[in-house]
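One-letter residues, chain by chain:
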Amino acid sequence: MAVSRLAERVLDLAGVLEELVAGGYVSRKDANRLIGTPRTAEQAQLHPLSYIASCELDNLKNPGRLLDSDTLSQWLAESASLPLFHIDPLKVNVAAVTEVMSFQFAKRHQILCVQASKDSLLVATAQPFVHGWEAQLEHTSGRSVQRVVADPADIQRYSVEFYSLSRSISGASSLKGNSSSGNFEQLLELGSLKDPEANDQHIVNIVDWLLQYAFDQRASDIHIEPRREMARIRFRIDGVLHTIQELPDQVNAAVTSRLKILGRMNVAEKRKPQDGRIKTKRPDGREVELRLSTLPTAFGEKLVMRIFDPEVLARSYSDLGLGGDDLARWKAMLARPNGIVLVTGPTGSGKTTTLYTGLKQLATSEVNVSTIEDPIEMVEESFNQTQVHHGIGLDFAAGIRTLLRQDPDIIMVGEIRDLETAQMAVQAALTGHLVISTLHTNDAPTAVTRLLDLGLPHYLLKSAVLGVMAQRLVRTLCPACKQPDSVSDDDWLALTKPWKAPKPDTVFRPEGCLECRNTGYRGRQGIYEILPFSEPVQALLSADCDLQALRRQAMREGMNSLRLSGAKKVAAGITTVAEVLRVAPPPDIAF
């Protein structure tokens, strides 16, 4: 590569294309076409590499692939003999990097500080052959500067995002005040100004950024957690929490108030837990619902927002990870005209998604599907959905009692929590309705003891319950970077005992890439344990039911435990042994 031709100058389109032609990446014909094609004002503002990437040229060095921004950024880094840095916004301390230089300075030189320590700065540049800013930055910051190359589009995007967020936080923080009225350690500060308004433009910008950022990062939950002086924002992505940002306490109070206003909650009430909802849109225009929940803590109100994507309602069983014999058993239970089907698992295990997917398949124009939920998590036009309201006496049991007078065919009960609800669900099942509901148990067989503990007689279980499905969610390997691996005999035995399933020759391990944010995982799927109540299983139901005998009979009839279901996904290259062992409890069974 003729580095000297690019050295000590700003990259321009013609010069970059000449180098790409010389390097064998671009044909002379394509280069001449791009140089000779007039660009719009917007295109002219783009970095040369970003413009070339947008033209989707063929990569002559890798036939069949396009010359994308990743390839061009790697080429630029090699040309400049600098490391290539991929900016991960989850790992950037926005407050620290934005105080290093002004936005105007960063924009003028097409640079962005991505790491800042006490003695050094790591600065990503889109113009690696321009050095004038380096000495100036070292002088003003008093720290050494290490340069790296990053995707010019990322530098431009994150510069705007980071500095806009920092400016909004700084502007909101300018009104100092003691905002944490719920802080147990609150001190009286005399002469302090009022807190920032919840509708202040800075606060609006912060909230807008927070929601859009969560959508971009595929977050399922947003946690805003007050601490003594700062509030911590965390996102749950693929089941794991990541720290995103810290806010000064007075800014956090205004952000929380803004979200409570949007969720139609009582802003003045900070001592009692509250629930609310927000409906908004993603950047691509898709509607998204958020469920809000506040909780008083030692340092103020903690706010958690659960993000519900309406596309969940359009997911197929294969998207959920349900297939093969398990899918056949599940469909067979839902095909029955009456009875109770239970889905069990802890909070966040995907039970509601499974229920909605099943109901969506059943909700034809010939049947009446009604639900009683606490709360309604996703609104679906083909269901008749009712929300529990304890303040007026509308609980699950009262809801079922009313629904029975509404000529239903299928009833979905959000959760069976008490004996009265269980009795009403059984009554609905025995009077010719299909009832689908959830329980909180570790596995499918223990749903039996859970219902018995609630006080439901065993003979009603035999008469009403069609089957139970337990589930968990495991992170799935990123298809772009997973690598072949082997599994030890001990690990495989821990996963499959006591069934001793054959060990696969090859499994896969997480590697990490840009697609998965270097975690090695992208997305989640369910693992399932399905127990149909066949006649032999029903024969084992009694007031003092022997769960070991129940499990053994279910296994003889083909039930897979959660871990064995996970083992099949490991063998198929979908997830890892460690991931299944992390989420699935060991089977309590002995042969």
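Residues numbered from 1 in each chain as written. Predicted model: local features only at pLDDT ≥ 70, side-chain atom pairs only at ≥ 80, totals over all residues. Heavy atoms only, no water.

K.L.:
Would you explain the UniProt feature "domain: Bacterial type II secretion system protein E" (unreviewed entry) in the protein chain in this entry?
P.N.:
UniProt annotation of "domain: Bacterial type II secretion system protein E" (unreviewed entry) refers to residues 404–418 when read in the numbering used here. Annotated as 0% helix and 27% strand, the span residues 404–418 places its first and last C-alpha atoms 19 Å apart. (UniProt positions renumbered as here; feature names shortened; annotations may be inferred. Helix = DSSP H or I, 4+ residues; strand = E, 2+ residues; numbered from the N terminus.)

K.L.:
For this particular structure, what's the right way to read the packing of helix α2 (residues 13–22) against helix α3 (residues 28–36)?
P.N.:
Helix packing for two helices is described by the angle between their axes and how far apart those axes are. The interhelical angle for the contact between α2 and α3, taken along N-to-C directions, is 175 degrees, at an axis separation of 10 Å. Classified by the interaxial angle, the pair formed by α2 and α3 is roughly antiparallel. Judged by residue contacts, Leu13, Ala14, Leu17, Glu18 and Val21 of α2 engage Arg28, Ala31, Leu34 and Ile35 from α3. For the contact of α2 with α3, the residue count by class is 7 nonpolar, no polar and 2 charged. (Axes fitted to C-alpha atoms, helices over the stretch in contact; angles between N-to-C directions. Parallel < 35°, antiparallel > 145°, perpendicular 65-115°, else oblique. Contact = heavy atoms within 4.5 Å. Nonpolar A, V, L, I, M, F, W, Y, C, P; charged D, E, K, R; others polar.)

K.L.:
Would you take a moment to explain the pattern of salt bridges for this structure?
P.N.:
Two side chains that carry opposite charge are able to pair once their charged atoms sit near each other. A full pass over the atoms with the stated rule returns 23 salt bridges. For Arg157, the salt bridge identified is with Glu161, shortest N-O distance 3.0 Å. Within this pair, Arg157 and its partner Glu161 are both found in helix α10 (residues 152–173), separated by 4 residues, close to a single helical turn. The class for Glu161 is partly exposed, based on a relative accessible area of 21%. One salt-bridge network, held together by shared partners, links Glu225, Arg227, Arg232 and Arg234. (Salt bridge = Lys/Arg side-chain N within 4 Å of Asp/Glu carboxyl O. Buried < 20%, exposed > 50% of the residue type's maximum accessible area, 1.4 Å probe, protein only.)

K.L.:
Just checking my understanding: could you explain the pairing of strand β3 (residues 144–149) for this structure?
P.N.:
The side chains of a regular strand alternate, residue by residue, between the two faces of the sheet. Relative to β3, strand β2 (residues 120–125) runs parallel, the two sharing 6 bridges. Bridging from a neighbouring strand, Leu121 pairs with Val145 of β3. One crossover worth recording links β2 to the parallel β3 by way of helix α9 (residues 132–141), and it is right-handed. (Pairing = 2+ DSSP bridges. Right-handed = clockwise from strand over helix to strand, strands pointing away.)

K.L.:
How do you make sense of the packing of aromatic side chains when you look at a structure like this?
P.N.:
Two descriptors summarise a pair of aromatic rings, namely the distance from one centre to the other and the angle between the planes of the rings. Under the criterion given, the structure shown has 5 aromatic pairs. A centroid spacing of 5.6 Å and a plane angle of 20 degrees characterise the contact between Tyr158 and Phe162, whose relative ring orientation is stacked. Note that Tyr158 and Phe162 are positioned in helix α10 at a spacing of 4 residues, about one turn of the helix. A residue is classified by how much of its surface remains accessible, and Tyr158, at 7% relative accessible area, is buried. A relative accessible area of 4% means that Phe162 is categorised as buried. Here the aromatic rings of Tyr213 and Phe235 are separated by 5.6 Å at their centres, their planes lie at 65 degrees, and the arrangement is edge-to-face. Of this pair, Tyr213 sits in helix α11 (residues 201–216) while Phe235 sits in strand β5 (residues 230–237), placing them 22 residues apart in sequence. The class for Tyr213 is buried, based on a relative accessible area of 5%. Residue classification places Phe235 among the buried positions, given a relative accessible area of 0%. Each residue in the set Trp209, Tyr213 and Phe235 is aromatic and connected to the rest through ring pairs, giving one cluster. (Phe/Tyr/Trp six-rings, centres within 6.5 Å; stacked < 30°, edge-to-face > 60°.)

K.L.:
Please clarify how the environment of Leu342 should be interpreted in this entry.
P.N.:
Mapped onto the secondary structure, Leu342 falls in strand β10 (residues 339–344). Sequence spacing of Leu342 and Leu466 is 124 residues, and the spatial spacing of their C-alpha atoms is 8.3 Å. Those residues in contact with Leu342 that lie beyond four places of it in its chain are Ile416, Ser437, Leu439, Leu451, Gly467, Val468 and Met469.

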